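Structural overview
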Amino acid sequence: MQIPLLLDRHSGSTLVGQIVDAISEAIGQRRLRAGDALPSIRSLAREHGVSAFTVAEAYGRLASIGSIVSRRGSGFRVADTTAVVAPPALAWAAPTLSAAWLLSDVFADHSVPIKAGCGWIPGEWINESGLQHAFRALGRVPGPRLGGYGHPFGMASLRELIAGFLRRHALPVDASNILLTQGATQGLDLVVRTLLRPGDTVVVEDPCYCNLLQILQLAGLRVIGVPRTLDGLDLAQLEQIVVQSRPKAIFINTVLQNPSGASLSLASAFRLLQLADRHGLWVIEDDIYRDLAPSGAPCLAAMEGLNRVISISGFSKTISPMLRVGFIAAHRDVLAELARTKMAVGLTSSEVAERVAANILVEGHYDRHVGFLVEKLHAAHERVAARMLDAGVEIFHQPRAGLFLWARLPIAPARSAEVTTRALSHGIWLAPGSYFRPGDLASDWFRFNVATSDVDVLWDFVRAL
């Protein structure tokens, strides 16, 4: 079914909104009728030159308001609003694999038993005693102290604590250099909204954090990927891109990179900062895995001094992914601009969550819990890497730390979507490499979370490939 769709990238409406409006109008005018099949996410994305995630989000919005429905095996169709909805079956059935599910629904979908591709620590590994103590302490806070919005920069005592933690890594910071956010991902979004404008060129790692790609896409930026190597970026290619395309910023995961698990070498970090200084580049350092990394790993913000480096991190990988507390460390002038953006798009961050995080840092034995996680992850790396090698899987790098191993399955890149779908029918969630690459480029590499991948069923499935 062809959809009359004229996208205007210069209008005040987002591409997602334009797709939603066009399909809603076609349904309202009965040019699309109940039961009509919509184009697949990828085909509509190709036809109109947009990201598959843009189409997936539009379809997700339409489904949430009941305009369209997703049927397993038959894609998206126009909803029949007169139909009686049957009760859901009690037996488990694999969810429909789509970009929308991988981007958002997977975080709330508890039906897939083996989450080999997820990006968080297992529930059994969280700092349970620290969280419980913090929640009890929160219950004793007088009601009037919880009645306001909180400070635009976030809770002052937590900012002081974070500054103290960062000074351990030689960052030249105090509380005035810290802005609290609703997770590290919001920190990335605030930086993009504040420092960049539609049409600007930015550089990312290839592969890189998949949600970053969506933030950049929604902002209308031109994204260029530079291959990630074992000790950093392909600096020769990066310099060529900088000279030819004049990007405004580079986004980089310094240590235990998501998804490759690799860390920058000191020499690579130094050369990257030289290049950024020479060409006036912003360097956005996603440092979310710092606490899980071996001591001595390079820190760009510490090396450069927060002049053109902005550091972003949070506590989702060490305390709990449900506790959405992140932070940005930056020069005070830049931080003031970021705070204005934060207030414009979402007001203050949650002081309730910030109080919980502060209590855990002070009274919840945070350092001891991080040590526990480091040991657990090291042991999991050893076991999962051995399983991979036994199954004939190529490993990009063995960091023996952090969450991830980046591994090449014995398949053609074009089969990655098929294999991912087949795995889901076996109750296994895989994370295909295409979701971590600019332009959704096909890949036979997959991200594995070592904390959730030490499972016989998973490796039996891989060996059968």
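Right above here is the structure, for reference.
Note that the structure is predicted; figures quoted are calculated from it, not measured.

Cut-offs used in this document
- Residues numbered from 1 in each chain as written.
- Predicted model: local features only at pLDDT ≥ 70, side-chain atom pairs only at ≥ 80, totals over all residues.
- Heavy atoms only, no water.
- Pairing = 2+ DSSP bridges.
- Helix = DSSP H or I, 4+ residues; strand = E, 2+ residues; numbered from the N terminus.
- Contact = heavy atoms within 4.5 Å.
- Axes fitted to C-alpha atoms, helices over the stretch in contact; angles between N-to-C directions.
- Parallel < 35°, antiparallel > 145°, perpendicular 65-115°, else oblique.
- Left-handed = near helix turned anticlockwise from the far one by under 90°.
- Nonpolar A, V, L, I, M, F, W, Y, C, P; charged D, E, K, R; others polar.
- Disulfide = S-S within 2.5 Å.
- Salt bridge = Lys/Arg side-chain N within 4 Å of Asp/Glu carboxyl O.
- Buried < 20%, exposed > 50% of the residue type's maximum accessible area, 1.4 Å probe, protein only.
- Core = buried A, V, L, I, M, F, W, Y, C linked by side-chain atoms within 4.5 Å.
- Phe/Tyr/Trp six-rings, centres within 6.5 Å; stacked < 30°, edge-to-face > 60°.
- Lys NZ or Arg CZ within 6 Å of the ring centre and 35° of its normal.

Take the sheet that holds strand E14 (residues 445–449) next. If you trace the four strands from one edge of the open sheet to the other, you get E11-E12-E14-E13, paired in antiparallel fashion. If you trace the sheet from one side to the other, it starts and ends with strand E11 (394–395) and strand E13 (431–432), each paired once. Bridge count for strand E12 (residues 404–408) against E14 is five bridges, and the pairing is antiparallel. Bridge pairing links Arg408 to Trp445 in E14. Across the sheet, helix H14 (residues 366–390) lies against E11, E12 and E14, angled at about 5 degrees from E12, the strand it touches most.

For the rest of this paragraph, the subject is the packing of H14 against helix H16 (residues 456–464). Geometry of a packed helix pair, given as the angle between the helix axes and the separation of the axes. In the contact formed by H14 and H16, the axes pass within 10 Å of each other and the chain directions differ by 25 degrees. As judged from the angle between their axes, H14 and H16 are roughly parallel. Regarding H14 and H16, the two cross each other, and that crossing is right-handed. Listed contacts from H16 to Val384, Arg387, Met388 and Asp390 of H14 are Asp456, Trp459 and Arg463. Considering only residue class, the contact of H14 with H16 consists of three nonpolar, no polar and four charged.

Spatial strand order, E3-E10-E9-E8-E7-E4-E5-E6: eight strands in an open sheet with mixed pairing. Edge positions in the sheet fall to strand E3 (178–181) and strand E6 (232–233), since each of these pairs with one other strand and no more. Here E3 pairs with strand E10 (residues 326–329) via four bridges, running antiparallel. In the strand pairing of E10, Ile178 is matched with Ala329. Against the sheet, helix H12 (residues 332–346) touches E3, strand E8 (282–286), strand E9 (309–314) and E10, its axis set at about 20 degrees to E3.

What follows deals with the state of the cysteines. Applying the stated criterion across every chain yields a total of zero disulfides. In this structure Cys118 is not part of a disulfide, and its nearest cysteine sulfur, from Cys210, lies 12 Å away.

Take the pattern of salt bridges next. If charged atoms from side chains of opposite charge come close, those side chains can pair. Using the criterion set out here, one finds 21 salt bridges in the structure. For Glu205, the salt bridge is made with Arg228, and the minimal N-O distance between the two is 2.1 Å. Taken as a pair, Glu205 in strand E4 (residues 201–206) and Arg228 in strand E5 (residues 222–229) lie far apart in primary sequence, 23 residues in all. The class of Glu205 is buried, set by a relative accessible area of 2%.

So, on to the nonpolar core. In terms of nonpolar packing, the biggest core is built from 66 residues, with Phe251, Ile328, Leu430 and Phe448 touching the most fellow members. The element that contributes the greatest number of residues to this core is H14, accounting for six residues. Residues contacting Phe251, with those up to four places away along its chain left out, are Leu188, Val192, Leu196, Val202, Val203, Val204, Glu205, Leu212, Leu216 and Ile284. Counting residues in hydrophobic clusters, the runner-up holds 51 residues, among them Ala134, Met155, Phe165 and Val242.

So, on to unusual backbone geometry. The omega angle of the peptide bond from Asp206 to Pro207 is 10 degrees, so this bond is cis rather than trans. Within the element layout of this structure, Pro207 appears in the loop between E4 and helix H8 (210–218). Note that the residue after Asn258, namely Pro259, is joined by a cis bond; omega there is 20 degrees. In this structure, Arg30 is a non-glycine residue whose phi angle is positive, near 60 degrees. Inspection of the secondary structure puts Arg30 in the loop between helix H1 (15–28) and helix H2 (41–48). On the basis of relative accessibility, which here comes to 53%, the residue Arg30 falls in the exposed class. A positive phi angle is found at Arg400, which is not glycine, with a value near 55 degrees. With respect to the helices, strands and loops of the structure, Arg400 is situated in the loop between E11 and E12.

Before going further, it helps to examine the packing of aromatic side chains. Following the criterion strictly, the structure yields ten aromatic pairs and no others. On the basis of an interplanar angle of 80 degrees and a centroid distance of 5.8 Å, the ring pair of Phe165 and Tyr366 is categorised as edge-to-face. Taken together, the residues span a long stretch of sequence, with Phe165 in helix H6 (residues 156–167) and Tyr366 in helix H14 at a distance of 201 residues. Assigned by exposure class, Phe165 and Tyr366 land together as buried. Ring centres 5.9 Å apart and planes at 85 degrees place the aromatic pair Trp406 and Phe436 in the edge-to-face group. Of this pair, Trp406 sits in strand E12 while Phe436 sits in the loop between E13 and E14; the two residues are 30 residues apart in sequence, bridging distant segments of the chain. Phe436 carries the same exposure label as Trp406, and that label is buried. Clustering of aromatic rings is evident, with ring pairs tying together Phe165, Phe315, Phe327 and Tyr366. When the ring centre of Phe165 is taken as reference, the NZ or CZ atom of Arg168 above it lies at 4.3 Å.

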